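Descriptive structure summary
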Protein chains: 2
Amino acid sequence: MVSTLPAFAVNRNILEMEYAVRGPIPRRAAQLENQGMKIIPCHIGNPQALGQSPLAYVRQVLSLVEDPSKIARERVLKTVFEETSLIDLRESDFVPDDVISISEHILKRIKAGGTGAYTESKGERFIREAVAEFINKRDDFENSGGVNADPEKIFLTSGASEGVKYVIDLLVAQDNDGIMIPIPQYPLYSASIKKAGGVQVNYYPDEDSSWAFDQELLEESLTKARNNGINIKGIVVINPGNPTGAVLSEKSIRAVIQFAKEYQLVIIADEVYQENVYAGKFVSFAKVLGADEVPLFSMHSISKGFYGECGHRGGYLEVRNPPKIQGSALDFVDLLTKQASVSLCANTAGQVLTYLMATPPVEGSESHRQFVREKEKILNDLEAKATMIKDAFTQMEGVECFGKIGAMYLFPRLKVLPTGKTDFDYCMALLESTGLCTVNGGGFGQKEGTNHLRIAFLPPQELLSQVLPEWIEFHKNYVG
Amino acid sequence: MVSTLPAFAVNRNILEMEYAVRGPIPRRAAQLENQGMKIIPCHIGNPQALGQSPLAYVRQVLSLVEDPSKIARERVLKTVFEETSLIDLRESDFVPDDVISISEHILKRIKAGGTGAYTESKGERFIREAVAEFINKRDDFENSGGVNADPEKIFLTSGASEGVKYVIDLLVAQDNDGIMIPIPQYPLYSASIKKAGGVQVNYYPDEDSSWAFDQELLEESLTKARNNGINIKGIVVINPGNPTGAVLSEKSIRAVIQFAKEYQLVIIADEVYQENVYAGKFVSFAKVLGADEVPLFSMHSISKGFYGECGHRGGYLEVRNPPKIQGSALDFVDLLTKQASVSLCANTAGQVLTYLMATPPVEGSESHRQFVREKEKILNDLEAKATMIKDAFTQMEGVECFGKIGAMYLFPRLKVLPTGKTDFDYCMALLESTGLCTVNGGGFGQKEGTNHLRIAFLPPQELLSQVLPEWIEFHKNYVG
């Protein structure tokens, strides 16, 4: 039956928006999977989909918070277990004492007493306080001369993405408003700018210098855009870099801040990979900013690091020096709050996990040792997997790879491709041949004339040992 | 220190957007609460914030799904408990067998094996299948001649709100695109249309006829808007009504469908209160639509009904007859999928609860009896509380109240107010005097010259017995 409905005109920004990490290559992978092929999903940083286990502590607490009626029972069971040997269970089947007390603490502090009620639009105040303390401690403001985080300027969000969208939606006031983003970038930024109806203004960190950039490079891009009538409002920085894996030096961060100050821009700092650093050291924008007045929006998430709790959609947005608004007594924080209020609040399970990320088990607590063991295992494993993949690249003609420094990705450059073929063709063929689902460099943006791919280094080592030789073989045949 | 930053120009749509249920009255309530006043939060349908308990079954399952390592233990504990009497616990401290098997079933069906991974953008396929079956069964399509729901046209969303925003963002292609909404309305609609840059076109159900409306009334509003150059794309219907509590007759639903067909509009049907009907009967748009080709977007949520799981942000959007798109081979479902993909996916705890809403315990299962008991208690209690409040209105001069028919709200009309005072003043004064936080009719829109307020009938009966006499006293003094 042919539909008799007329075709609808829709929002062109949504029609034109692209989001490669859920684009044609992953869609083809889903088709192949339905046809029975084994797919290795490396197109997205989704650790638990590739076998990474959640931290025991985190899930033990969440489980009790979701069913508080089990807390009293847990206490009784522990006593019974310790006093008798009748139960056919091991000590590890019972939760540590601090899990019980933290769960009770959370339930007592949640304003409505549990996870079933809407929270404040910004998220539970006690969790925002914990996030503020987490930031203060991380950046050692007491000794570094920085400004303590303000819980009223922290928003608990659905992953980091929601915070990014709020900020970009707000910044774009008219269609010549531009936001600078690094190329390559995580496509959330290009998609959000397109959706908001603004202009994406690219700047190009230098691949040959470990993706570094300086103020001059930023100014070049800004000047060119201004000459085209674009009104630049902000600059996005992703540190550690996605997809590049580069970690910014304090000097580069200082350059961004100086640049933003001179040209009166806001800084949007995506810092979700701050725990994923395998060389060098993560330094936050908040720390380098110090008492400076440049507006800063920084995001963090429970999805990455060693938590990998992507599905729970938790994260936060921290605002510093919110600008005043033309023609209004309100400031950015007020308007972000209004945006958050239309979604009512971030989901409470994600809020609880954000709290747990901000307050890991303290040394000496019953959970601490296991927590540290799991954390180290995950981070060491990530690094080992990155090394395996990077080593495989050395056996592929024309594949040059920066990294492994930070984040969860390698972004090798493909210098040799058959005539007429692009990185997209390469990734599609790699998928069809090996089941490895990656995303081509074009999905993130790249300097014209270059070809890359992004791979999340998440598959288990045993799986990598199987598939990497297949990839090397594929590559040999493909580039011929 | 005065900020030296220049004021920023921001998105005017966000600046002008209003959202009364998180507006000035609730904000004042938060201030008073911080000053030590006891506030009764009736400004929003947030049942668990007012003491409604979550369903035991739902939380028992969620708790095990979040910590799967406890499932084996649960089995052992049950056996030990049944075989010995050494444990100082009651049978009710253990979860029913079907909780264990459903938890295992969910974990087996979740593609990544647990809640920590991103799901498909639309949500887990098995949950979308369960939602489709829920709709098919609810509407008895087999016997009613309707069209079965298609899991590929179902989106699991963060509450119902996210689905509404996706649809409205997509529909508004230019600034004279209009969407019809009932007045009074839930302010999510006015806010989303404003945010998307479209035109809010009001239609006015007739309060004196139990908020009924017919096709003529809709046409009147449409014609007036068209004459002003507005291009109407869709019509929103909230059934049961928020804030009115009215439940649409099949005849009214048919009128909306006929109207949408004639004028080639899409229907956006907010059906989140479908379980909250105290008189009459809920009939869904999908059922009345039958095999008709009018595009229908309908939303449901875990936040309302008897679940009240607001904080977990779960819900779904079902699409029927998605329109084709001008200038594109894609249809609405493709573009909604793209929008969902930029948020990655709805949170997994909310998805699991949506699954449980779609598949309540079956008769004969161990959980069934308790589930039904809890459900009936909650729904009976809601009705009793609505009655208490409605009865109190009869003792207030000039307060006329339609209802209690559906949803969680009463929306009394205030016919007598002191000269110069509005319903906003009344609600503010009521808050300051009694701690009762309501929202004035203006927050939802109302016919010019009328005054109303919305109250969620959620406070415990004991609390109502205390506060209602205070309200009656306040009213006497206020209208004086």
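As a starting point, this report considers the structure included with it. (Residues numbered from 1 in each chain as written. Chains lettered and ligands numbered in written order. Predicted model: local features only at pLDDT ≥ 70, side-chain atom pairs only at ≥ 80, totals over all residues. Heavy atoms only, no water.)

**Details of the overall build of chain A**
A count of helices and strands for chain A gives 17 helices and 14 strands. Here chain A has a C-alpha radius of gyration of 24 Å; the compact-globule value for 480 residues is 23 Å, and the two agree. Across its three principal axes, chain A shows a C-alpha extent of roughly 75 × 65 × 60 Å. Within the span of chain A, comprising 480 residues, buried residues form 62% of the whole. (Helix = DSSP H or I, 4+ residues; strand = E, 2+ residues; numbered from the N terminus. Rg over C-alpha atoms; globule rule 2.2 N^0.38 Å. Buried < 20%, exposed > 50% of the residue type's maximum accessible area, 1.4 Å probe, protein only.)

**Section: the sheet that holds strand β10 (residues 409–410) of chain A**
Residues and elements named next belong to chain A. Pairing is antiparallel in the open sheet, where three strands are placed in the order β10-β14-β13. The sheet terminates laterally at β10 and β13 (439–440), the two strands that pair on one side only. Relative to strand β14 (residues 453–456), β10 runs antiparallel, the two sharing two bridges. Considered in β14, the bridge of Tyr 409 is made with Ala 456. (Pairing = 2+ DSSP bridges.)

**Structural notes on the packing of helix α10 (residues 215–227) of chain A against helix α11 (residues 250–262) of chain A**
The description of two helices packed together rests on the angle between their axes and the distance between the axes. Residues and elements named next belong to chain A. Two elements in contact, α10 and α11, have axes whose closest approach is 9 Å; the angle formed by their N-to-C orientations is 40°. Helix-helix and strand crossings are classified by hand; for α10 and α11 the assignment is right-handed. Only Ala 255, Val 256, Gln 258, Phe 259 and Glu 262 of α11 make contact with α10, whose side of the interface consists of Gln 215, Leu 218, Glu 219 and Leu 222. (Axes fitted to C-alpha atoms, helices over the stretch in contact; angles between N-to-C directions. Left-handed = near helix turned anticlockwise from the far one by under 90°. Contact = heavy atoms within 4.5 Å.)

**Observations concerning the sheet that holds strand β3 (residues 177–182) of chain B**
All names here are of chain B. Read across the sheet, seven strands follow the order β2-β8-β7-β6-β5-β3-β4 without closing on themselves; strand pairing throughout is mixed. Both edges of this open sheet fall to β2 (154–157) and β4 (199–203), since each of them pairs with a single strand only. Averaged over all pairs of adjacent strands, the angle between strand axes in this sheet comes to 20°, irrespective of strand direction. As paired elements, β3 and β4 share five bridges and run parallel to each other.

**Observations concerning helix α16 (residues 423–434) of chain A**
Residue and element names in this part refer to chain A. Between its terminal C-alpha atoms α16 stretches 16 Å, which fits the 16 Å expected from twelve residues at 1.5 Å a residue. On its buried face, α16 sits against α2 (24–34), β11 (413–414), β12 (436–437), β13, β14 and α17 (461–479). Following α16 by one or two positions, Gly 435 has its phi on the positive side, about 85°. (Expected span 1.5 Å × (residues − 1).)

**Considering the interface of chain B and chain A**
Across the contact, 97 residues belong to chain B and 97 residues belong to chain A. With both sides pooled, the region where chain B packs onto chain A buries about 8,300 Å², and carbon together with sulfur makes up 58% of that total. Our count for the chain B to chain A interface comes out at eight salt bridges. Ionic pairing is found between Lys 111 of chain B and Glu 33 of chain A, a salt bridge with its closest N-O pair at 3.2 Å. In this structure, the connection of chain B to chain A is made through 50 residue pairs in polar contact (both at pLDDT 80 or more). Grouping the constituent residues of the side of chain B that touches chain A by class yields 48 nonpolar, 26 polar and 23 charged. (Buried area = accessible area lost by both parts, 1.4 Å probe. Salt bridge = Lys/Arg side-chain N within 4 Å of Asp/Glu carboxyl O. Polar contact = N/O pair within 3.5 Å; in protein donor to acceptor, adjacent residues only side chain to side chain. Nonpolar A, V, L, I, M, F, W, Y, C, P; charged D, E, K, R; others polar.)

**Topic: empty space enclosed by the protein**
Unoccupied space between atoms shows up once a probe the size of one water molecule is rolled over them. The tally for this structure, following the rule as stated, stands at eleven cavities of 30 Å³ or more. If you add up the space inside the largest cavity, you get close to 700 Å³. Taken together, 33 residues make up the lining of the largest cavity; nearest its centre are Lys 165, Tyr 166 and Ser 343 of chain A together with Lys 165 and Ser 343 of chain B. Elements supplying a minimum of two residues to the lining of the largest cavity: α8 (161–171), α9 (188–196) and α13 (332–342) of chain A together with α8 (161–171), α9 (188–196) and α13 (332–342) of chain B. Split by residue class, the lining of the largest cavity holds eleven nonpolar, twelve polar and ten charged. (1 Å grid on protein atoms, 1.4 Å probe; cavity = no way out; pocket = protein on both sides within 12 Å on 5 of 7 lines; lining within 4 Å. Points joined across faces, edges and corners; volume = space filled by probe spheres on them.)

**Comments concerning the pairing of strand β6 (residues 266–270) of chain A**
Along a regular strand, successive side chains alternate from one face of the sheet to the other. Residues and elements named next belong to chain A. Among the five residues in β6, five count as buried, and that is most of the element. A two-sided burial pattern is seen for β6, the buried positions comprising Val 266, Ile 268 and Asp 270 on one face and Ile 267 and Ala 269 on the other. With respect to chirality, the unit in which strand β5 (residues 231–238) leads through α11 into the neighbouring parallel β6 is right-handed. Summarising the sheet, β6 and strand β7 (residues 296–301) pair through four bridges and their orientation is parallel. (Right-handed = clockwise from strand over helix to strand, strands pointing away.)

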